[in-house]
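Spelled out from the first residue to the last, the chains are:
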Amino acid sequence: MIKKKLGIIGGGQLGMFICQAAKNFGIHTTVFSTTEKFSAKEFCDNFIIGKFSNEKKIKEFIESSNFFTVETENIPLSLLEKINEKKKIFPSSNVIKIAQNRLREKRFLNSIPGVETAKFFPINNFGDLSLRLREFKFKAIIKSCEFGYDGKNQFLVTKENLSNFETMNLKNFVIEEFLDFKKEISVIVSKAKENTITYPPVENLHRDSILKETKYPANLNNNLIKTSLAIANKIAEKIGLNGILAVEMFILKNNNVLVNEIAPRPHNSGHWTLDACKYSQYDNLILSIFESLVKEPSPQKSCKMVNLIGEDFNNFANLKKKYKCYDYFKDEIRPKRKMGHYIIF
């Protein structure tokens, strides 16, 4: 009889890596996927394919495991709450609820002393956009409050292109000041019953709003390292974290640190931990769920993680000869789709 069973909502590459880590700890995994083909299919012990609205499948999924986790925050809140009524989710449905809506997330972050985001306003129509754009000196970013990952539903708006947005449905958008930042960094926090650990900050480089490279260690002075870790810990504490949380931040030219967003799950910028740390972000997610203590990551070497996006993947065979490469087993190459990654030591 297998006692330790983990249910994972989502079977993409993050779900795949969670399954692999779970296997190392002798934990049985069941993945709930809304698509027939998914990265974790060959790595989980069991899977259920269905729509989130399929009550029979959801009931079967809830009964399959002792504990649950997610690989994406874009999950109906009603489903998370349904699971939470009977079983525990890591992070909790309340943490995911805050992170899955930009406006809720920004208001929450700015309520924490010592934590700030870019200036923002909610907008719902073109009139709101025109009005607020003036306050941001005719250069700002608009983002949908939900389902806006990897640059989806995000647009730069200026005086010159404002008219392009006249017919667009802007309900539940936010407008943010345009930041001329120096660096983008992220910190991952993992919290169990008895302790909290942080992974050191890493430097992120984006291409078309999609993460392209992550570098460890980040080129930061000690003060910025301390500040970024303190911010991540404050957020984890205030949100009541159980599990794992990634905090993305901007370093401004005056060295102020602003939070961009949070993700209540393992993070693309934490893939480097698989090869350069004693305990990866996935290991600590598993430990936070099934044990009372998470482990210090103990980074062992510096490295760079490079995402293979869309057509980049055509070079996979060549890269494999030189680097440690990871295939996400996606069914087809599509523009802006993360297909795999490789590590340069």
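The sections below set out a description of the structure shown in this document. (Residues numbered from 1 in each chain as written. Predicted model: local features only at pLDDT ≥ 70, side-chain atom pairs only at ≥ 80, totals over all residues. Heavy atoms only, no water.)

Describing the packing of aromatic side chains
Right, on to step 1. On inspection of all chains with the given rule, the structure shows 16 aromatic pairs.
Right, on to step 2. Ring centres of Phe67 and Phe290 lie 5.5 Å apart, and the angle between their planes is 80°; on these two criteria the pair is classed as edge-to-face. Of this pair, Phe67 sits in strand S4 (residues 67-70) while Phe290 sits in helix H9 (residues 281-290), and the two are 223 residues apart along the sequence.
Right, on to step 3. Accessibility expressed as a relative area gives 25% for Phe67, which makes it partly exposed.
Right, on to step 4. Ring centres 5.1 Å apart and planes at 25° place the aromatic pair Tyr323 and Tyr342 in the stacked group. With Tyr323 in the loop between helix H10 (316-322) and strand S17 (324-327) and Tyr342 in strand S18 (residues 338-344), this pair connects stretches of sequence that are 19 residues apart.
Right, on to step 5. The partly exposed category is assigned to Tyr323, whose relative accessible area is 26%.
Right, on to step 6. One aromatic cluster is present, formed by Phe17, Tyr282, Tyr326 and Tyr328 through successive ring pairs.
Right, on to step 7. Here the basic side chain of Lys139 rests over the ring of Phe178, its NZ or CZ set 4.1 Å away from the ring centre.
Right, on to step 8. Note that Lys301 overlies the ring of Phe345, its terminal NZ or CZ placed 4.4 Å from the centroid. (Phe/Tyr/Trp six-rings, centres within 6.5 Å; stacked < 30°, edge-to-face > 60°. Helix = DSSP H or I, 4+ residues; strand = E, 2+ residues; numbered from the N terminus. Buried < 20%, exposed > 50% of the residue type's maximum accessible area, 1.4 Å probe, protein only. Lys NZ or Arg CZ within 6 Å of the ring centre and 35° of its normal.)

Section: the nonpolar core
Right, on to step 1. Membership of the largest hydrophobic core comes to 41 residues, with the highest contact counts inside it found for Leu6, Ile18, Val31, Trp272 and Ile286.
Right, on to step 2. Element by element, the count of residues in this core is highest for helix H1 (residues 13-24), at seven residues.
Right, on to step 3. Setting aside anything within four residues of it in sequence, one finds Val31 in contact with Ile8, Gly10, Gly11, Cys19, Phe38, Ala40, Cys44, Asn46, Phe47, Ile48 and Phe61.
Right, on to step 4. Leu220, Ile231, Leu245 and Met249 belong to the second largest nonpolar core, which has 26 residues in total. (Core = buried A, V, L, I, M, F, W, Y, C linked by side-chain atoms within 4.5 Å. Contact = heavy atoms within 4.5 Å.)

Let's talk about the sheet that holds strand S6 (residues 120-123)
In any sheet, the strands associate via hydrogen bonds between backbone groups, in a parallel or an antiparallel arrangement.
Right, on to step 1. Read from one edge of the open sheet, four strands run S6-S9-S7-S8, paired in antiparallel fashion. Looking at which strands have only one partner, the edges of the open sheet turn out to be S6 and strand S8 (154-158). When strand polarity is set aside, the average angle formed by the axes of neighbouring strands in this sheet is 25°.
Right, on to step 2. In this fold helix H5 (residues 102-110) packs onto S6, strand S7 (139-144), S8 and strand S9 (173-177), with an angle of close to 150° to the strand it touches most, S6.
Right, on to step 3. Of the strands in this sheet, S6, S7, S8 and S9 are in contact with helix H6 (residues 126-135), which crosses S6 at around 170°. (Pairing = 2+ DSSP bridges. Axes fitted to C-alpha atoms, helices over the stretch in contact; angles between N-to-C directions.)

A few points about the pairing of strand S14 (residues 243-252)
Right, on to step 1. With respect to burial, S14 is a largely interior element, ten of its ten residues being buried.
Right, on to step 2. Sheet analysis places strand S10 (residues 181-191) next to S14, joined by ten bridges and oriented antiparallel. Bridge assignment links Glu184 to a residue of S14, and that residue is Phe250.
Right, on to step 3. Strand direction decides the pairing type here: S14 and strand S15 (residues 257-263), joined by six bridges, are antiparallel.

Looking at the environment of Glu60
Right, on to step 1. Looking at the secondary structure, you find Glu60 in helix H2 (residues 55-64).
Right, on to step 2. Sequence-wise, Glu60 and Lys23 are 37 residues apart; in three dimensions their C-alpha atoms are separated by 22 Å.

Some details on the environment of Phe138
Right, on to step 1. Mapped onto the elements of the fold, Phe138 is located in the loop between H6 and S7.
Right, on to step 2. For the pair Phe138 and Glu160, spaced 22 residues apart in the sequence, the C-alpha separation amounts to 8.8 Å.
Right, on to step 3. Not counting residues up to four positions away in its chain, the partners in contact with Phe138 are Leu133, Val157, Thr158 and Lys159.

Here we look at the pattern of salt bridges
Right, on to step 1. This structure, assessed with the given rule, holds 16 salt bridges.
Right, on to step 2. Linking Lys253 and Asp180 is a salt bridge whose minimum nitrogen-to-oxygen distance equals 2.9 Å. Here the residue Lys253 occupies a position in the loop between S14 and S15, and Asp180 occupies one in the loop between S9 and S10, the gap between them amounting to 73 residues.
Right, on to step 3. Overall, Lys253 belongs to the exposed group, its relative accessible area being 56%.
Right, on to step 4. Put simply, Arg337 and Asp331 hold a salt bridge, and the shortest N to O gap is 3.0 Å.
Right, on to step 5. Here Asp331 falls in the partly exposed class, since its relative accessible area comes to 46%.
Right, on to step 6. A single network of salt bridges, built from pairs that share partners, joins Lys106, Lys143 and Glu176. (Salt bridge = Lys/Arg side-chain N within 4 Å of Asp/Glu carboxyl O.)

So, the pairing of S18
Right, on to step 1. Taking burial as the measure, the seven residues of S18 include six buried ones, the bulk of the element.
Right, on to step 2. Pairing geometry for strand S16 (residues 303-309) and S18, over six bridges, is antiparallel. Within S18, the residue paired with Met305 across the bridge is Ile343.
Right, on to step 3. With four bridges connecting them, S17 and S18 associate as antiparallel partners. Across the sheet, residue Cys325 finds its bridge partner in S18, namely Tyr342.

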